Amino acid sequence: MAGYKNKTMINKALALLFFTFFISIAAKAQTPDTSKYILQNDVEVAKTEPGTHNGGGETIGFNFFANARNLKTAFRKRILKPGSSIGYHLQKEDEIYYVISGNGTMQMNGKTFAVKPGDAILTRPGSSHGIAPNAGNDLTILIVYEKK
């Protein structure tokens, strides 16, 4: 009988420990980021990469706030060098492209049109698109979308 009581007490202690462990994990997962702001500069996040979505060529990607906890928005800048592109791909969430500098060509659902500084393009789920700089110039864009 004493062995049974000891086993019951051990099981209760393990159950309590298990419960406490998972509650602490859940609490951490839901704890808001208490940072009031994050300041980043291009030089801190710049990374030479091939064009995304099999676009090829050389680009410089800037993934701002990649490590910010609980941030649901992706905010990126990309410099597309001549000969590079963001490859034509199917969009799964709303995404905004904003042209900062340079000139280029965008394909959207089989149509091609010119883009220039100040142009903002909203791509919706289910659409397909790609973008490339015109020959002889860099195309610098901002890209914003909701992270999944």
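All figures in this text were calculated on a predicted structure; none of them were measured in a lab. Within each chain, residue numbers correspond to sequence positions counted from 1 in written order. It should be noted that, the model being predicted, local features are given only for residues of pLDDT at least 70 and side-chain atom pairs only at 80 or more, the latter also being counted only at that level, while totals for whole chains, interfaces and linings use all residues. Side-chain numbers here rest on the full set of heavy atoms in the structure, without hydrogens or water.

**Q** When you look at the sheet that holds strand β3 (residues 73–80) in this model, what are you seeing that I'm missing?
**A** Pairing between the strands of a sheet is mediated by backbone hydrogen bonds and can be parallel or antiparallel. The pairing criterion is simple: DSSP has to find at least two bridges between the two strands. For the purposes of this entry, the term helix denotes a DSSP run of H or I that reaches at least four residues, the term strand denotes a run of E that reaches at least two, and both are numbered from the N terminus. The strand order across the open sheet formed by six strands is β1-β2-β3-β10-β5-β8, and the pairing between neighbours is antiparallel. The open sheet is flanked by β1 (46–51) and β8 (120–123), the only strands paired with a single partner. On average, each strand axis in the sheet is inclined to that of its neighbour by 25°, with strand direction left out of account. Convention adopted: a line fitted to C-alpha atoms gives each axis, helices being fitted over their contacting stretch, and angles between N-to-C directions are expressed from 0 to 180 degrees.

**Q** How should I be thinking about the side chain of R78 in this particular structure?
**A** On the secondary structure map, R78 appears in strand β3. When accessible area is computed with a 1.4 Å probe and restricted to protein chains, residues below 20% of their type maximum are described as buried, those above 50% as exposed, and intermediate ones as partly exposed. Relative accessible area serves as the criterion here: at 8%, R78 is assigned to the buried category. Here a polar contact is taken to be a pair of N or O atoms separated by no more than 3.5 Å, where protein atoms must pair a possible hydrogen donor with a possible acceptor and residues adjacent in sequence count only if both atoms sit in side chains. One polar contact links R78 to E49, side chain to side chain, over a distance of 2.8 Å. Polar contacts involving the side chain of R78 include one to the side chain of T59, which spans 2.8 Å.

**Q** What's the story with the packing of aromatic side chains in this structure? I'm lost.
**A** Centre-to-centre distance and the angle between the planes together describe a pair of aromatic rings. Only centres within 6.5 Å qualify two rings of Phe, Tyr or Trp (six-membered ring in Trp) as a pair; their planes then separate them into stacked at under 30 degrees, edge-to-face at over 60, and tilted for everything else. Considering all chains together, one arrives at three aromatic pairs under this definition. Relative to F65, the ring of F64 lies with its centre 6.1 Å away and its plane at 45°, an arrangement referred to as tilted. Using a relative accessible area of 8% as the deciding quantity, one classes F64 as buried. For the pair F64 and F75, a centre-to-centre distance of 5.7 Å together with 50° between the ring planes defines the contact as tilted. Pair noted here: F64 is in strand β2 (residues 56–64) and F75 is in strand β3, with a separation of eleven residues, a long-range link. Judged by its relative accessible area of 31%, F75 falls in the partly exposed class. In this structure an aromatic cluster arises from ring pairing among F62, F64, F65 and F75. To sit over a ring, a charge needs its Lys NZ or Arg CZ within 6 Å of the ring centre and within 35 degrees of the ring normal. A cation over a ring is seen here: K77 above F62, with NZ or CZ 4.8 Å from the ring centre.

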